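As a plain string of letters, each chain reads:
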Amino acid sequence: MQRLGGRVIHMDETSSSVKKGESLEDSIAVMAGYADVVVLRHPEPGARAANYCRKPLLNAGDGVGEHPTQALLDVFTIREEIGTVNGLTITMVGDLKHGRTVHSLARLLTLYNVQIRYVSPPNLGMPLHIVQFVASKGISQEQFDTLEEALPDTDVLYMTRIQRERFPSQEEYEKACGLFVMTPQLMTRAKRKMVVMHPLPRVFEISPELDSDPRAAYFRQAECGMYVRMALLAMVLGKC
């Protein structure tokens, strides 16, 4: 918003009437009176406030639910890197159960002719309702146990972190860690023009040694996010 020439009003639960017990609906209604567009990031999946907002309301992530603007920038990045989305095999890796970015991306990819592959630790697979939605659109889906098995035919490798904040204990978190790590050695199995993406932040799942590989697109992906979100803000404000 600042790059578009606007200003930002920030509100969170530690510095607002939320700590006094104000509801999400009331907070949104008040903020909508101060702003031209409201961007909501909320820890609860499915948090709804659109009916109480008189201004455009953008979902910036709702817990383990969805992250629609990330999906838009992901598809834009794929188009920038490869030139098209159609005909590609996209492999999603990591915590697919809690990863809101892959939930939204899988849904958006159903608008294209793609094949989707999933690689995840036990009990952290893609939620059934997402798998069923993708299947209802006629999109091919496959589950793989190892990166090595899924990698050779992959066009876009979408890595995600194992999210510590989603686990009830450190022990359960550590059980899921370290199973899928992308290294330069593993990249020798990949296509010469494969693209590696990540919604960031990364922890251990992509080796820093991979950053110099031209197929490592995650920092370019982050930059694309700024442009896509600028365009989205301009669009909902009627400026383009």
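Right above here is the structure, for reference.
Keep in mind the model is a prediction, meaning the values are calculated, not measured.

*Asks:* So what exactly am I meant to see when it comes to the overall build of the chain here?
*Replies:* When you go through the chain residue by residue, the secondary structure sums to eight helices and seven strands. Scaling as 2.2 N^0.38, a compact globule of 240 residues should have a C-alpha radius of gyration of about 18 Å, and the chain matches this with 19 Å. Here the C-alpha coordinates of the chain stretch approximately 55 × 45 × 40 Å along the principal axes. Counting over 240 residues, the chain shows a buried share of 45%. Across the chain, the fraction of contacts at a sequence separation of at least 24, relative to all contacts at a separation of at least 6, is 65%. Surface summary for the chain: the accessible area is close to 12,800 Å², and the carbon and sulfur share equals 51%. One finds the centroid of the 27 positive side-chain charges in the chain at a distance of 6 Å from the centroid of its 28 negative side-chain charges.

*Asks:* I keep staring at the nonpolar core and nothing clicks. Help me out?
*Replies:* One broad rule of soluble globular proteins: the nonpolar side chains tend to lie buried together. Ranked by size, the top nonpolar core spans 25 residues in total, and within it Met92, Leu109, Ile116 and Met126 carry the most contacts. Those residues in contact with methionine 126 that sit more than four places away from it in its chain are Met92, Leu96, Val102, His103, Ala106, Tyr118 and Val131. With 19 residues, the next largest nonpolar core counts Val93, Leu151, Ile206 and Tyr218 among its residues.

*Asks:* For this particular structure, what's the right way to read unusual backbone geometry?
*Replies:* In most cases, non-glycine residues show a negative phi, while peptide bonds are predominantly trans. In this structure, the amide linkage connecting leucine 200 to the following residue, proline 201, adopts the cis form with an omega of 5 degrees. Counting through the fold element by element, proline 201 comes out in the loop between strand 7 (195–197) and helix 8 (218–236). In this model, asparagine 123 sits at a positive phi of 70 degrees, which is unusual for a non-glycine residue. Along the chain, asparagine 123 falls in the loop between strand 4 (115–119) and helix 4 (128–136). Although it is not a glycine, leucine 200 sits at a positive phi angle of roughly 65 degrees. For leucine 200, a relative accessible area of 28% corresponds to the partly exposed category.

*Asks:* So what exactly am I meant to see when it comes to the side chain of glutamine 221 here?
*Replies:* For glutamine 221, the position within the fold is in helix 8. The buried category is assigned to glutamine 221, whose relative accessible area is 1%.

*Asks:* For this particular structure, what's the right way to read the sheet that holds strand 3 (residues 89–93)?
*Replies:* Strand pairing in a sheet relies on backbone hydrogen bonds, with the paired strands running either antiparallel or parallel. If you walk across this open sheet you meet the five strands as 5-4-3-6-7, and the pairing is parallel. Each having just a single partner strand, strand 5 (140–144) and strand 7 make up the two edges of the open sheet. Here the average twist between neighbouring strands, direction ignored, is 20 degrees. As judged from the five bridges shared by strand 4 and strand 5, these two strands associate in the parallel manner. By the bridge assignment, arginine 117 is partnered in strand 5 with glutamate 142. Packing against the sheet, helix 3 (residues 100–109) makes contact with strand 3, strand 4 and strand 6 (156–159), and its axis sits at approximately 165 degrees to strand 3.

Reading the values: the criteria
- Residues numbered from 1 in each chain as written.
- Predicted model: local features only at pLDDT ≥ 70, side-chain atom pairs only at ≥ 80, totals over all residues.
- Heavy atoms only, no water.
- Helix = DSSP H or I, 4+ residues; strand = E, 2+ residues; numbered from the N terminus.
- Rg over C-alpha atoms; globule rule 2.2 N^0.38 Å.
- Buried < 20%, exposed > 50% of the residue type's maximum accessible area, 1.4 Å probe, protein only.
- Contact = heavy atoms within 4.5 Å.
- Areas by Shrake-Rupley, 256 points an atom, 1.4 Å probe, with all protein chains shown as cover.
- Lys, Arg positive; Asp, Glu negative; His and termini not counted.
- Charge placed at Lys NZ, Arg CZ, Asp CG, Glu CD.
- Core = buried A, V, L, I, M, F, W, Y, C linked by side-chain atoms within 4.5 Å.
- Pairing = 2+ DSSP bridges.
- Axes fitted to C-alpha atoms, helices over the stretch in contact; angles between N-to-C directions.

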